[in-house]
Amino acid sequence: MRKRTVWAWVVAIFCFIVLMIVTPAIPQSQEYHNFADQRQFLGIPNALNVVSNFPFLVIGLIGLVLCHHGNYFKLSLQGELWGWTCFYIGVAAVAFGSSYYHLNPNDATLVWDRLPMTVAFTSIVAIFIIERIDERKGTLSLIPLLLAGVISIMYWRFFEDLRPYAVVQFVPCLAIPVMAILLPPMYTHSTYWLWAAGFYLLAKIEEAADKPIYNWTHHIVSGHTLKHLCAAMVPVFLTLMLAKRDTETNRISLYQSWRISWSKAKESGAEVESYTCTYSSVPVEESR
């Protein structure tokens, strides 16, 4: 197992190095800072893009309190407690970092928007390793993953190259849903991971459609504002999952459970069809 882990890290690092060699640098587009909704309200510039970050603060603080007050989430592993604590700190910090950025959108303030998000992303990856692969490896990976996220932000800022940050942000977006489906969970209510991933995907779509959504809603709300609200649903669903879940006694993956359910549905359908065919083949006595 240890040898496979080493090989996995070697392959991952090798792929990253090859990616950095064969792909061109990706600078930060300055058009990114030109958001559709730039209205001012009560002296607050870009008001809706600023205040729509408030839900992150609320859910982040709630999550931190429930993690540490009476162990409401029943976190039995020390690595889990550290991981979820870092996650909720990152979520709460998004409210301040993103608000600060939207008050004056530019590359310098964007650092403080992306930094807490990266903390949340990388913490989730460590949590997933703890729950789905190995407790010790996941706990030991927390600090390196957090450092990798911070370094990716610094690399972009100093070298004007988004490639490492893109890897840190988008690889978990692909890996976490795949692991949630294929790897057996330690706890129940694993489908909440997929709901969270779905809302994050919706948030990215809304971010890309910032100006079209602003036009479609007749300048009521922009795609970026909706992106903040949908992204805040990610920690909401994960908090609900933590509050409801129990230790999984029958550890099978979502994929396996879906296959079992599908097989049962097919067998049930076949039995109904067989019964219908048998019933229809019985001759009916003609009435005299």
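If you're wondering where the values come from, they're calculated on a predicted model, not measured in any experiment.

Cut-offs applied
Counting restarts for each chain: residues are numbered from 1 in the order of the written sequence. Thresholds applied to this predicted model are a pLDDT of at least 70 for local features of residues and 80 or more for the giving and counting of side-chain atom pairs; totals over whole chains, interfaces and linings are not thresholded and use all residues. Hydrogens and water are ignored here; the side-chain numbers use all heavy atoms of the structure. A fitted line through C-alpha atoms represents every axis, and for helices the fit uses only the stretch in contact; the resulting angles, taken between N-to-C directions, go from 0 to 180 degrees. Per the convention used, a helix needs a DSSP run of H or I reaching at least four residues, while a strand needs a run of E reaching at least two, with both numbered from the N terminus. By definition in this entry, angles of less than 35 degrees are roughly parallel, angles greater than 145 are roughly antiparallel, angles of 65 to 115 are roughly perpendicular, and the rest are oblique. Crossings are assigned a handedness: left-handed for a near helix turned anticlockwise from the far helix by less than a right angle, right-handed for a clockwise turn. Contacts: residue pairs with any heavy atoms within 4.5 Å of one another. In this classification, Asp, Glu, Lys and Arg are treated as charged, Ala, Val, Leu, Ile, Met, Phe, Trp, Tyr, Cys and Pro as nonpolar, and every other residue, Gly included, as polar. An expected span of 1.5 Å times one less than the residue number is assigned to each helix. For each residue, the accessible area found with a 1.4 Å probe, counting protein chains only, is set against the maximum for its type, and the residue is called buried under 20%, exposed over 50%, and partly exposed in between. Nonpolar side chains (Val, Leu, Ile, Met, Phe, Trp, Tyr) are joined into patches within 5 Å and like charges within 9 Å, using only residues with over 30% relative accessible area and no salt bridge. Under the convention used here, a 1.4 Å probe and the Shrake-Rupley method define accessible areas, while residue burial counts only the protein chains that appear. A side-chain nitrogen of Lys or Arg and a carboxyl oxygen of Asp or Glu constitute a salt bridge if their distance falls within 4 Å. Here a Phe, Tyr or Trp ring, Trp counted by its six-membered ring, pairs with any other such ring whose centre lies within 6.5 Å, and the pair is stacked when the planes are under 30 degrees apart, edge-to-face when over 60, and tilted otherwise. Points on a 1 Å grid over protein atoms alone make up a cavity when a 1.4 Å probe fits among them but cannot get out, and a pocket when they form an open set with protein on both sides within 12 Å along at least five of seven lines; lining residues each have an atom within 4 Å of a point. Grid points are joined across faces, edges and corners, and a volume is the space filled by probe spheres set on the points.

Chemist: Would you explain the packing of helix H4 (residues 78-103) against helix H10 (residues 223-244) in this entry?
Modeler: To describe two helices that pack against each other, one gives the angle between their axes and the distance between the axes. It is at 12 Å that the axes of H4 and H10 come closest, and there the two elements cross at 165 degrees. Considering their axes alone, H4 and H10 lie roughly antiparallel with respect to each other. Crossing hand, H4 versus H10: left-handed. Residue-level inspection shows Trp-84, Phe-87, Tyr-88, Val-91, Ser-98 and His-102 of H4 in contact with H10, the latter providing His-224, His-228, Pro-235, Leu-238, Thr-239, Met-241 and Leu-242. Here the residues of the contact of H4 with H10 sort into eight nonpolar, five polar and no charged.

Chemist: I keep staring at helix H3 (residues 54-68) and nothing clicks. Help me out?
Modeler: Helical periodicity: at 3.6 residues per turn, an α-helix aligns residues three or four positions apart in one direction. Taking 1.5 Å per residue as the helical rise, H3 with its 15 residues ought to reach 21 Å, and the 22 Å between its terminal C-alpha atoms agrees with that figure. The set of residues buried in H3 consists of Phe-56, Leu-57, Ile-59, Gly-60, Gly-63 and Cys-67. Turning to H3, the residues buried within the fold contact H4 and H10. One or two positions beyond H3, positive phi appears at Gly-70, with a value near 65 degrees.

Chemist: I'm lost on unusual backbone geometry in this one. Help?
Modeler: Most of the time, phi is negative for any residue but glycine, and the peptide bond is trans. With a phi angle near 55 degrees, Leu-42 is a residue other than glycine that sits in the positive phi range. With respect to the secondary-structure elements, Leu-42 resides in the loop between helix H1 (2-22) and helix H2 (47-51). Overall, Leu-42 belongs to the exposed group, its relative accessible area being 74%. Even without a glycine there, the phi angle at Glu-160 is positive, about 50 degrees.

Chemist: Would you explain a nonpolar patch on the surface in this entry?
Modeler: Side chains of Ile-13, Phe-14, Phe-16, Ile-17, Val-18, Leu-19, Ile-21 and Val-22 sit close together on the surface and give an oily, nonpolar patch of about 750 Å² of accessible area. With respect to the helices and strands, the residue Leu-19 is situated in helix H1. When its relative accessible area of 34% is taken as the criterion, Leu-19 is described as partly exposed.

Chemist: Mind showing me how you'd approach the packing of aromatic side chains here?
Modeler: Two measures describe an aromatic ring pair: the distance that separates the ring centres and the angle between the ring planes. This structure, assessed with the given rule, holds 14 aromatic pairs. A ring pair is formed by Tyr-155 and Phe-159, whose centres lie 4.9 Å apart and whose planes are at 35 degrees; its orientation type is tilted. Residue Tyr-155 and its partner Phe-159 are located together in helix H6 (residues 135-159), separated by four residues, close to a single helical turn. Judged by relative accessible area, Tyr-155 falls into the partly exposed class, the value being 27%.

Chemist: When you look at the environment of Leu-57 in this model, what are you seeing that I'm missing?
Modeler: For Leu-57, the location among the structural elements is in helix H3. It is 7.1 Å that separates the C-alpha atoms of Leu-57 and Ala-93, two residues lying 36 residues apart in sequence.

Chemist: Help me out: how do you make sense of the layout of surface pockets in this one?
Modeler: In this approach a probe as big as a water molecule rolls over the atoms, and the regions it shows empty are the leftover space. Approximately 860 Å³ is the volume found for the second largest pocket. Contributing to the lining of the second largest pocket are 42 residues, with Phe-121, Gln-169, Cys-173, Tyr-200 and Lys-204 lying nearest its centre. Those elements that place two or more of their residues in the lining of the second largest pocket are H4, helix H5 (107-132), helix H7 (163-182), helix H8 (191-208) and H10. Split into classes, the residues belonging to the lining of the second largest pocket amount to 29 nonpolar, eight polar and five charged.

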